[in-house]
Every structure is written in structure tokens, then in C-alpha cells.
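# Descriptive structure summary
Okay, here's what each chain looks like letter by letter:
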Amino acid sequence: MKSFSFTTSLLLLLCVSLGHTSEAQQDSKSGRCHNTPGSAGYPSAAAWDAFNSSISGHLVDVVPSAKFCKSLPGGACTDAQWNSGVFRSTIPGAMDEVRRGYDLSPPSLCLRNGTTCGQGDVPIYSVEAETTADVQAAVKFASKHNLRLVVKSSGHDYLGRSTAPDSLLIRTSNFQNVSLTDAFFIGKKNMGSAVTFGSGLHANMLYQHTKANGKTVVAALAGTVSPAGGYLQGAGHSPLSPAFGLAADNALEYNVVVASGELLQVNSDSHPDLFFALRGGGAGSWGVIVSATVRTFPTFNATSSMIVLTAPNNTIASELATLHAQHIFDWDSVHAGHFFFFLKDSASATNPNAPTSLTLLMLMPHTTANRSTALLAPFLNASLAMPGVAVVSQAVESGDINDALFQADDGVGGNAAIGSRLIPQGTYRDSPEKAGAVYKKLLDGGTTSILAHIVAGGKVSENARIDSAVHPAWRTAKAHIIVSNAWDDSASLAEIHTLRKRFQTTQLPVLEELSGPNAGSYSNEADIEPHFQTTFFGPNYAKLSQIKRMHDPNDLFIVAAGVGSERWDEWGICRI
């Protein structure tokens, strides 16, 4: 991606304005809105050129990913490229999932290889930062010119927190540094073995480094997630969480550029209030993370199992959900992390007698293949005793934990809106039958995708005394359940907007029969919640608001459903 002529770009932007800027242009002089193209205070072409020179030409123009595809040799992205997290990580304006209207250019959709795409909800320019100084310069430039600022490491974000219309993007994908130590010190206190890595380093690369040094780390299962970015700020669940806690529980230090442009070393001794916020206080609200340091653990062997079953209808599928709930504690003795997915073909969504597939992915630390098979047998045998339930496939592999977690790429680029809730351990202990009843209602209501992450309990619960912004609901949870609503490229804008609202209007009341009312949710895999302060942050919100006012008094870092966002419109352009 190369630099560009700012004079030409500014003229083009003024010509293709999509309506995001009209209010901002009227109110930017009063300070109520950020400056946008056409505002009196928006930087001139000369100012942009000078800024670009000051960061060694690392400023580039940004286009929607669909429009980017048209610029490639041959004029198109292949299916493999469009659905690749690795490929999308090379595109400044690309996100990995469609949500909140990203890549929508009313009145038409901006589809892959499209020719009618406007700028949509994609930033105008990106600072492809290569040094901390680049980040600092960008933060100061945005603050000086009252620009909407967004930050992106890898773009794995369902809430659209790393994109916004008429904004300046800081992209940290070039921060790939990584180093390990057996003795990481905070002051004079030895915190033990740790790894420090840049905010652009993908999880798959991190696992390769830790394996080479005889270590492992709590990080994302998705290979192209950058763990030091929004993942860690949101809490960060992992298949290793039952054994070692959430990723945020294992964070030791951050290097972060805050709204003043200052680079801060943040840990339990230095800026402890910001250290509190960066561990679970939400992605994108606190500054630009340059690097993070987290604990490492001696590597070990683990067993990964995948079982795919099919149920003939919704009734049997719901009975499988109850059975799973009854067995959900079977694997606690080995601190297993696992994922439990019900998927139904969209063409048969409204047919209660159509088959549903169930996929069980299980990772058991320090466990042999034989032991893993024995631990899974009670659930599997009981499942196969149900009428019409059959095994579609079954596989077991053992090896180094880093290899088990490694994913070379991620399947992304889908069209989906999701919502989620944390489900308390007590529900499964006392009323496992509720799981079946809830799944039945969701499936009968046309839900085609119900994803359960069993990544809590164990060490996550034991870490309840850690003083961090992690939602307390994590400490009493057993599962994190996601309901997904997908659409094809052929869907109209009206259909998409209806699907985006579906979780709140029809599915959440059903899911709350399992989670209970006012339950917590994992902000990194969630819907835009109307009461996000409670749902994402719980009793921590008041403290987080105070920290926000201290370190970002002018709300430079505002994201959807993030701390302080109640003061701004949907895209953080104008105060409300």
C-alpha cells in the first residue's frame, strides 16, 4: 500500500460524502463534533502532507475491502482471499466480519469485487505505524485537529470498534517484536517467566515463539488474532483458561500511548489505575497498545478431540443440549476447555424436523488420547443412545499444546450479527434441563447457529480476587454462549437491519432463561448492548469512568459500547 496525493483525495472525499459529515460540519466549530471533510477545522492538504512527511510516508489512503479487491491484478478477490484472515490483515481498511454496517454504502451494499462502493464506514486514512514515534505523532495530530481516531491491530472485532466513518486509523500490524525471559521484573519483584510481544503479532506466530522456548501462553484460538490488542483488553478467553485463567489475568505489563501522546509503561506499580482498566476494561478505550507482557508456562502435551454428531430434529437436538449440560463438569478434573456448536442449514431454519449438527471440540491439557477418549465416553455413549443421533466424524490428536492451539489462518469475511451471554455454573449444576428448553426455543424460532464456549470455571473462578476490570460474571460462569444470525450477499439492507436487531428483540429473552436477567457478556464477541455499562462491565463501570476521565479527558479514544461512549453518537463523531 503506498502513499497518495492528499489534494486529490480530499477533493474525492468531498464528492462522495455519504451523509455522515453534515451534522459534524455544522457543529465542529462548537467542538461538539469531530472535524470531518468539509469542516472548517479539517486539516488542509498541506497539513496532511506535512504530517505524512513527519512519519516517513507511512500515511496511506483507505478503501473498503470490497473496493480493494477491484484494484488487484485481474480485478477481483478469490473466495480463498476474501475468507482469509491472513489476506485481510494486509488491507488497512479490512475487517474480518461484517457488523454494525461496516462496508455498507447506502443505498447499496459494498459487496466483494463491487464497483459502486463509497467510503461507507471505513476510515479515510491509515497510519501504518512502524515505530512508537509514528503512533505518538498520529495521536497528537488527531488531537490537534479534533479528528475521529480509531485503532486496529488485526481487525477481529464484531462491534466495529476499529473502524469509523471519516476517521484516521492507527494500524499496529507492523509491531511484530517478541522476546521471552525466565525472570520478568516489576520493580524489584520477579514475576517469573514471561513473553513481551508487539500489538501486531498474531497468535499463531506467538505460539511458534513460545514453543521454540519450551513455553506456552494463554492466548486466542483464532490464529490471526493479535493477542496484545483488543483481545487482551476485553479479558481474552482461551481453551487454556480453565487451567490458567483469562488472558487478562496473566497480563503483567503494557506499553501504551495515551491521549496526551505520552508512552506509558503500565503495570501494578506504574499507573495501576490504567493497568486495572487495560485488563478487561474494553478494547480501544484507553490508548494505543505498542506491546504487552504476559506470563508464560512450561509447555506440555495435550489431546485435542473433535466429534461431529447429527440430530434428526429440534427435539432431539435440545435433548442433546440437556445431556451436554448434565455432563459439562465431567472434564473439570483435567481443566479441559471446549466448544459446543449447534448448526442448522439456513434453508431449513424454520423446519423443526430438519437435522441439526453438533460439533464438540475438546482440548485436554496433560492428557493422553486414551484418557481423553475415556473421559468423553459417557457423554458420547449417552448421545448415541438417543433416537436418530449418529456420529458424522470423530478425531483425536495428541502433541505439544502450542501445536494444538496453532491455526495457520482463520475463516473470516462472513456476514453475521451476534449476541452473547455468560452462563453461571449454578445453572448447570441445579437446572441442566434449562439448557435443552432454551435451545429448543431458539431452534424452533429459526436460530441456525448456537455456539457455546466452555472456557470458564477452574482458574478463571479462582482468580476472582485479582483486582482488574474483568466482569465479575466471568468468575461465576461456566459457559459463554453466542447466538449468530447470518445472511447471504443477496440480502437487502432492510433484511440485514432486521437480522442485526434479532438478538435483542427475540433471542435474548429466551437466552436469559438460561443466563438469568442482567447477565454479563464478553464484549469481544457480542452485540451492541443497550445497557452495555452493566452487560460488559458490571460494577466496574463507575471506576472505569473515573480512569477514563483522568487519562482521556477529551474522549479521543471512543469506541462502540466502550467506556464513555454514552456521551457520543453511534460512530463517535458527535457528542449527544
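It should be emphasised that the depicted structure is a prediction, and the values quoted were computed from it without experimental measurement. (Residues numbered from 1 in each chain as written. Predicted model: local features only at pLDDT ≥ 70, side-chain atom pairs only at ≥ 80, totals over all residues. Heavy atoms only, no water.)

### A short note on the pairing of strand 22 (residues 449-454)
Looking down a regular strand, the side chains alternate between one sheet face and the other. Defined as follows: Residue exposure (1.4 Å probe, protein chains only): buried if accessible area is under 20% of the type maximum, exposed if over 50%, otherwise partly exposed. For helices the rule is a DSSP run of H or I covering at least 4 residues; for strands it is a run of E covering at least 2, with both sets numbered from the N terminus onward. Strand pairing is assigned whenever DSSP detects at least two bridges linking the two strands.
Most of strand 22 is tucked away, with six of its six residues classed as buried. Here strand 22 shows a buried face lined by Ser449, Leu451 and His453 and a second buried face lined by Ile450, Ala452 and Ile454. Inspection of the sheet shows strand 18 (residues 337-343) paired to strand 22 by six bridges, in the antiparallel sense. Bridge pairing in strand 22 links Leu343 to Ser449.

### What about the UniProt feature "domain: FAD-binding PCMH-type" (unreviewed entry) in the chain?
What counts here: UniProt positions are given in the numbering used here, feature names are shortened, and annotations may be inferred rather than shown by experiment.
Within this numbering scheme, the UniProt entry marks residues 119-299 as carrying the feature "domain: FAD-binding PCMH-type" (unreviewed entry). For residues 119-299, helix accounts for 23% and strand for 27%, while the C-alpha atoms at its two ends are 46 Å apart.

### So, empty space enclosed by the protein
What counts here: Put simply, the grid is 1 Å and covers the protein atoms alone, a cavity is a trapped set of points that fit a 1.4 Å probe, a pocket is an open set with protein on both sides within 12 Å along at least five of seven lines, and lining residues have an atom within 4 Å of a point. Grid points are joined across faces, edges and corners, and a volume is the space filled by probe spheres set on the points. When residues are grouped by polarity, Ala, Val, Leu, Ile, Met, Phe, Trp, Tyr, Cys and Pro land in nonpolar, Asp, Glu, Lys and Arg in charged, and all others, Gly among them, in polar.
Here the structure, examined in full by the defined rule, presents six cavities of 30 Å³ or more. There is about 60 Å³ of room inside the second largest cavity. If you list the elements that add at least two residues to the lining of the second largest cavity, you get helix 12 (314-327), helix 16 (433-444) and strand 22. Top contributing element to the lining of the second largest cavity by residue count: helix 12, with three residues. Broken down by class, the residue content of the lining of the second largest cavity amounts to nine nonpolar, one polar and no charged.

### Let's talk about the confidence of the model for the chain
Operational definition: pLDDT is a per-residue confidence score from the predictor, ranging from 0 to 100. Working rule for contacts: check all heavy atoms of both residues, and any pair within 4.5 Å makes them a contact.
Per-residue pLDDT for the chain has a mean of 92; in total, 93% of the residues score no lower than 70. Per-residue pLDDT stays below 50 along residues 1-21; that stretch engages in 44 contacts with residues further than four places along the chain or on separate chains.

### Observations regarding the nonpolar core
Just so we agree on the cut-off: As used here, the term nonpolar core means buried Ala, Val, Leu, Ile, Met, Phe, Trp, Tyr and Cys residues forming a set that is joined through side-chain atoms within 4.5 Å.
By size, the foremost hydrophobic cluster in this structure holds 67 residues, and its most contacted members are Tyr254, Leu274 and Trp474. Here this core takes five residues from helix 11 (residues 272-278), the largest share from any one element. Trp474 has contacts with Ala235, His237, Leu246, Leu422, Val455, Ala456, Val460, His480 and Tyr522, leaving out every residue within four places of it along the chain. Ile316, Ile328, Leu508 and Leu511 belong to the second-largest nonpolar core, a separate cluster that totals 43 residues.

### Quick notes on the packing of aromatic side chains
Heads up, the condition is: Aromatic rings from Phe, Tyr and Trp, with only the six-membered ring used for Trp, were paired whenever their centres fell within 6.5 Å, and each pair was classed as stacked if the ring planes differed by under 30 degrees, edge-to-face if by over 60, and tilted otherwise. Remark: a charge is flagged as sitting over a ring if the NZ atom of Lys or the CZ atom of Arg is within 6 Å of the ring centre and within 35 degrees of the ring normal.
Tallying each qualifying case throughout the model produces 17 aromatic pairs. Plain terms: the ring middles of Phe244 and Phe300 are 6.1 Å apart, the flat faces sit at 50° to each other, and that makes the pair tilted. Here the residue Phe244 occupies a position in helix 10 (residues 241-244), and Phe300 occupies one in the loop between strand 16 (297-298) and strand 17 (301-311), the gap between them amounting to 56 residues. When its relative accessible area of 6% is taken as the criterion, Phe300 is described as buried. Taking 5.6 Å as the distance between ring centres and 80° as the angle between the ring planes, the aromatic pair formed by Trp474 and Tyr522 counts as edge-to-face. With Trp474 in helix 18 (residues 473-476) and Tyr522 in the loop between helix 19 (493-515) and helix 20 (532-537), this pair connects stretches of sequence that are 48 residues apart. Note on accessibility: Trp474 and Tyr522 belong to one class, buried. Aromatic rings pair up to connect Tyr42, Trp48, Phe51, Tyr125 and Phe141 into one cluster. Sitting over the face of the ring of Trp82, Arg88 holds its NZ or CZ atom 4.2 Å from the ring centroid. Above the plane of the ring of Trp286 lies Lys548, whose end atom (NZ or CZ) is 5.8 Å from the centre.

### Some thoughts on helix 12
This is how it is decided: In a helix, the anticipated span is given by 1.5 Å times the number of residues less one. Identification of polar contacts relies on pairs of N or O atoms within 3.5 Å, with a donor-acceptor requirement for protein atoms, meaning one able to donate a hydrogen and the other able to accept it, and with residues adjacent in sequence counted only if both atoms are side-chain atoms.
Between its first and last C-alpha atoms helix 12 spans 20 Å; for 14 residues at 1.5 Å apiece the expected length is 20 Å, and the two agree. By the criterion of burial, helix 12 is predominantly enclosed, with 11 of the 14 residues buried. When helix 12 is considered as a whole, its buried residues turn out to be Asn314, Ile316, Ala317, Ser318, Leu320, Ala321, Thr322, Leu323, His324, Ala325 and His327. The N-cap residue of helix 12 is Asn313: its side-chain oxygen and the backbone nitrogen of Thr315 are 3.1 Å apart.

### So, the sheet that holds strand 13 (residues 251-257)
Our working definition: All axes are obtained by fitting lines to C-alpha atoms, using only the stretch in contact for helices, and the reported angles, taken between N-to-C directions, cover 0 to 180 degrees.
The five strands lie next to each other as 8-11-15-13-14, forming an open sheet whose pairing is antiparallel. Two strands close off the open sheet at either side, each with one partner strand: strand 8 (178-181) and strand 14 (263-266). Strand-to-strand twist in this sheet, taken as the mean axis angle between neighbours without regard to direction, amounts to 10°. As paired strands, strand 11 (residues 194-198) and strand 15 (residues 288-295) are joined by five bridges and run antiparallel to one another. The residue bridging Phe197 from the neighbouring strand is Ala292, located in strand 15. Packing against the sheet, helix 7 (residues 132-144) makes contact with strand 13, strand 14 and strand 15, and its axis sits at approximately 55° to strand 13. On the sheet, helix 9 (residues 227-234) packs against strand 11, strand 13 and strand 15 and is oriented at approximately 70° with respect to strand 15.

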